[in-house]
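Chain and residue survey
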Amino acid sequence: MSKIEPTLAAPMAPSRIDFTAVLARQTERDARIAALRPANKERLFDGLSAAGITHVTVSFDGYGDSGQVESIAAYAGDAEVALPKTQIAYAALTWDDPEVEMRVLSLEDVVEQLAYDFLSDTHGGWENNDGAYSEFCFDARARSIHLEFNERFTSSELYTHDF
């Protein structure tokens with residue numbers, strides 16, 4: 001008779017991570033980031049209005065686990081204009097520092113950062129699998145940001161027949 005050695009690894013030790021605490025810290029961080037957004041938006045709209053820009057459109061596209069902003073276009077009324085190189089303050093949190101970091105970014109960079117932030121907040125994973133595409137409109141006159149979002153997906157339908 002031969003002795004048989006077990007082939008399965010020993011069970012893992014229970015996790016020592018307090019997931020409730022991790023989620024609580026993330027919820028607190030999300031709230032702090034959300035609290036920074038109104039002032040960031042106000043500074044952006046002030047900068048756009050001072051430059052005579054009435055609205056900015058941001059087109060994005062993503063699929064297959066990759067996505068990006070495709071274009072940013074600024075308008076003064078119906079006429080497309082170049083975004084000025086004006087720089088404004090932008091408040092942000094970094095992953096490794098709990099303190100608010102004030103950055104100086106161009107108007108275009110703030111528009112792009114806010115677009116990515118809002119995409120992440122409302123449609124996290126928008127670039128995965130079949131992905132999504134669409135456009136933001138930053139309306140400086142109304143001081144609002146509008147997103148139209150098109151999500152792609154593959155579907156299948158099962159039909160069965162007995163004859």
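Right, let's walk through the structure included here. As the structure is a computational prediction, the values presented were derived from the model and not from experiment.

1. Some details on the pattern of salt bridges
Side-chain pairs of opposite charge can arise where the charged atoms are in close proximity. Taken as a whole and assessed by the stated rule, the structure comprises 6 salt bridges. Among the salt bridges present, the one from Asp117 reaches Arg37, with a minimum N-O distance of 3.9 Å. Highlighted residues: Asp117 in helix α2 (residues 107-123) and Arg37 in helix α1 (residues 19-50), separated in sequence by 80 residues. Like Asp117, the residue Arg37 is buried in the burial classification. Several salt bridges share partner residues, and in doing so they unite Arg37, Asp117 and Asp121 into one network.

2. Examining the nonpolar core
Counting residues in each nonpolar core, the largest one holds 26 residues, and the members touching the most others are Leu44, Leu48, Val56, Val58 and Phe138. In terms of residue count, α2 provides more of this core than any other element does, 6 residues in total.

3. Considering the environment of Arg43
Mapping Arg43 onto the fold places it in helix α1. The exposure class of Arg43 is partly exposed, given its relative accessible area of 25%. Each C-alpha atom, one on Arg43 and one on Ile72, is 18 Å from the other, the two residues being 29 residues apart in sequence. Setting aside its immediate chain neighbours within four residues, Arg43 contacts Ile88, Ala89, Tyr90, Ala91 and Met102. A polar side-chain atom of Arg43 sits 2.9 Å from the main-chain carbonyl oxygen of Ala89.

4. Quick look at the sheet that holds strand β3 (residues 79-81)
Taken in spatial order, the 5 strands make up an open sheet running β3-β2-β1-β6-β7, and their pairing is antiparallel. Unpaired on one side and paired on the other, β3 and β7 (144-151) mark the two borders of the sheet. Between one strand and the next, the sheet's axes are offset by a mean angle of 25°, whatever the strand orientation. In this sheet, β7 lies alongside strand β6 (residues 132-139) in antiparallel orientation, the contact comprising 8 bridges. Looking at the pairing, Ala132 lines up with Glu151 of β7. Each of β1 (55-63), β2 (66-76), β6 and β7 touches α2; the most contacted strand, β2, lies at about 130° to it.

5. Quick word on the packing of aromatic side chains
Throughout the structure, instances matching the rule amount to 4 aromatic pairs. Here Phe60 and Phe136 contribute two aromatic rings whose centre-to-centre distance is 5.9 Å and whose plane-to-plane angle is 50°, an arrangement assigned as tilted. Taken as a pair, Phe60 in strand β1 and Phe136 in strand β6 lie far apart in primary sequence, 76 residues in all. Classification of Phe60 by relative accessible area gives buried; the value is 3%. Relative to Phe138, the ring of Phe136 lies with its centre 6.1 Å away and its plane at 45°, an arrangement referred to as tilted. Given a relative accessible area of 1%, Phe136 falls into the buried group. Among the residues examined, Phe138 registers a relative accessible area of 0% and is labelled buried. Joined through ring pairs, the aromatic side chains of Phe60, Trp126, Phe136, Phe138 and Phe149 make up one cluster.

Criteria and thresholds
- Residues numbered from 1 in each chain as written.
- Predicted model: local features only at pLDDT ≥ 70, side-chain atom pairs only at ≥ 80, totals over all residues.
- Heavy atoms only, no water.
- Salt bridge = Lys/Arg side-chain N within 4 Å of Asp/Glu carboxyl O.
- Helix = DSSP H or I, 4+ residues; strand = E, 2+ residues; numbered from the N terminus.
- Buried < 20%, exposed > 50% of the residue type's maximum accessible area, 1.4 Å probe, protein only.
- Core = buried A, V, L, I, M, F, W, Y, C linked by side-chain atoms within 4.5 Å.
- Contact = heavy atoms within 4.5 Å.
- Polar contact = N/O pair within 3.5 Å; in protein donor to acceptor, adjacent residues only side chain to side chain.
- Pairing = 2+ DSSP bridges.
- Axes fitted to C-alpha atoms, helices over the stretch in contact; angles between N-to-C directions.
- Phe/Tyr/Trp six-rings, centres within 6.5 Å; stacked < 30°, edge-to-face > 60°.

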